[in-house]
Amino acid sequence: MNFNENEPQSVREERFAAKRAEHREARKAASLDSRAAHLGAAIVTIALVLLSWYGKLVALGIVSGIFLLWFSAALAWAYTDGDHGRHALQRAYNVTFGWGDGF
């Protein structure tokens with residue numbers, strides 16, 4: 001975004017708001033690739049199954065709680081950003097588990 005110090009504040013705010021709305025619409029229209037998120041979710045699922053298998057219930061609760069809070073925060077952020085329904089859920093899922101591509 002360009003900044004012109006000579007333009008009035010109201011014009012600048014309108015221009016920035018239009019640019020943000022344009023970016024938001026482009027983000028909503030883009031398809032979401034969830035391959036990395038599926039891999040991350042599979043890794044977390046395997047870790048949770050192993051924790052429950054070996055009877056580490058406190059660790060199971062902590063890890064589950066962390067990922068639940070992470071997903072809840074990502075979902076709240078997506079709703080605040082203007083996404084609703086399935087697209088918001090997909091964005092939150094990708095934010096929570098999208099690190100799986102790094103493995």
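Whatever comes next refers back to the structure up there.
Reference entry: report on the structure contained in this document. (Residues numbered from 1 in each chain as written. Predicted model: local features only at pLDDT ≥ 70, side-chain atom pairs only at ≥ 80, totals over all residues. Heavy atoms only, no water.)

## So, helix H4 (residues 86-97)
Moving on, step 1. The end-to-end C-alpha distance of H4 is 16 Å, a good match for the 16 Å that 12 residues give at a rise of 1.5 Å each.
Moving on, step 2. Listed in full, the buried residues belonging to H4 are His87, Ala88, Arg91, Ala92, Asn94, Thr96 and Phe97. (Helix = DSSP H or I, 4+ residues; strand = E, 2+ residues; numbered from the N terminus. Expected span 1.5 Å × (residues − 1). Buried < 20%, exposed > 50% of the residue type's maximum accessible area, 1.4 Å probe, protein only.)

## Some details on the packing of aromatic side chains
Moving on, step 1. Scanning the entire structure with this criterion turns up four aromatic pairs.
Moving on, step 2. For the ring pair Phe67 and Phe97, a centre distance of 5.7 Å and an interplane angle of 10° mean the geometry is stacked. In this pair, Phe67 sits in helix H3 (residues 57-80) while Phe97 sits in helix H4, placing the two residues 30 residues apart along the sequence. In this structure, Phe67 and Phe97 share a single accessibility class: buried.
Moving on, step 3. Ring pairs connect the aromatic residues Phe67, Trp70, Tyr93, Phe97 and Trp99, which therefore count as one cluster. (Phe/Tyr/Trp six-rings, centres within 6.5 Å; stacked < 30°, edge-to-face > 60°.)

## So, H3
Moving on, step 1. With 24 residues, H3 should reach 34 Å at 1.5 Å per residue; the first-to-last C-alpha distance of 34 Å fits that figure.
Moving on, step 2. The set of residues buried in H3 consists of Phe67, Ala74, Leu75 and Ala78.
Moving on, step 3. Taken together, the buried residues of H3 touch helix H2 (35-53) and H4.
Moving on, step 4. Downstream of H3 by one or two residues, Gly82 has phi in the positive range, about 110°. (Contact = heavy atoms within 4.5 Å.)

## Some thoughts on the packing of H2 against H4
Moving on, step 1. Viewed as axis vectors pointing N to C, H2 and H4 meet at an angle of 60°, and their least axial separation amounts to 8 Å. Here H2 lies oblique to H4, going by the angle between them. When you trace H2 past H4, the crossing you get is left-handed. Contacts between H2 and H4 pair Ala36, Ala37, His38, Gly40, Ala41 and Val44 from the former with Tyr93, Asn94 and Phe97 from the latter.
Moving on, step 2. Per-class residue counts for the contact of H2 with H4 are six nonpolar, three polar and no charged. (Axes fitted to C-alpha atoms, helices over the stretch in contact; angles between N-to-C directions. Parallel < 35°, antiparallel > 145°, perpendicular 65-115°, else oblique. Left-handed = near helix turned anticlockwise from the far one by under 90°. Nonpolar A, V, L, I, M, F, W, Y, C, P; charged D, E, K, R; others polar.)

The values reported here are purely geometric and, on their own, carry no functional implication.
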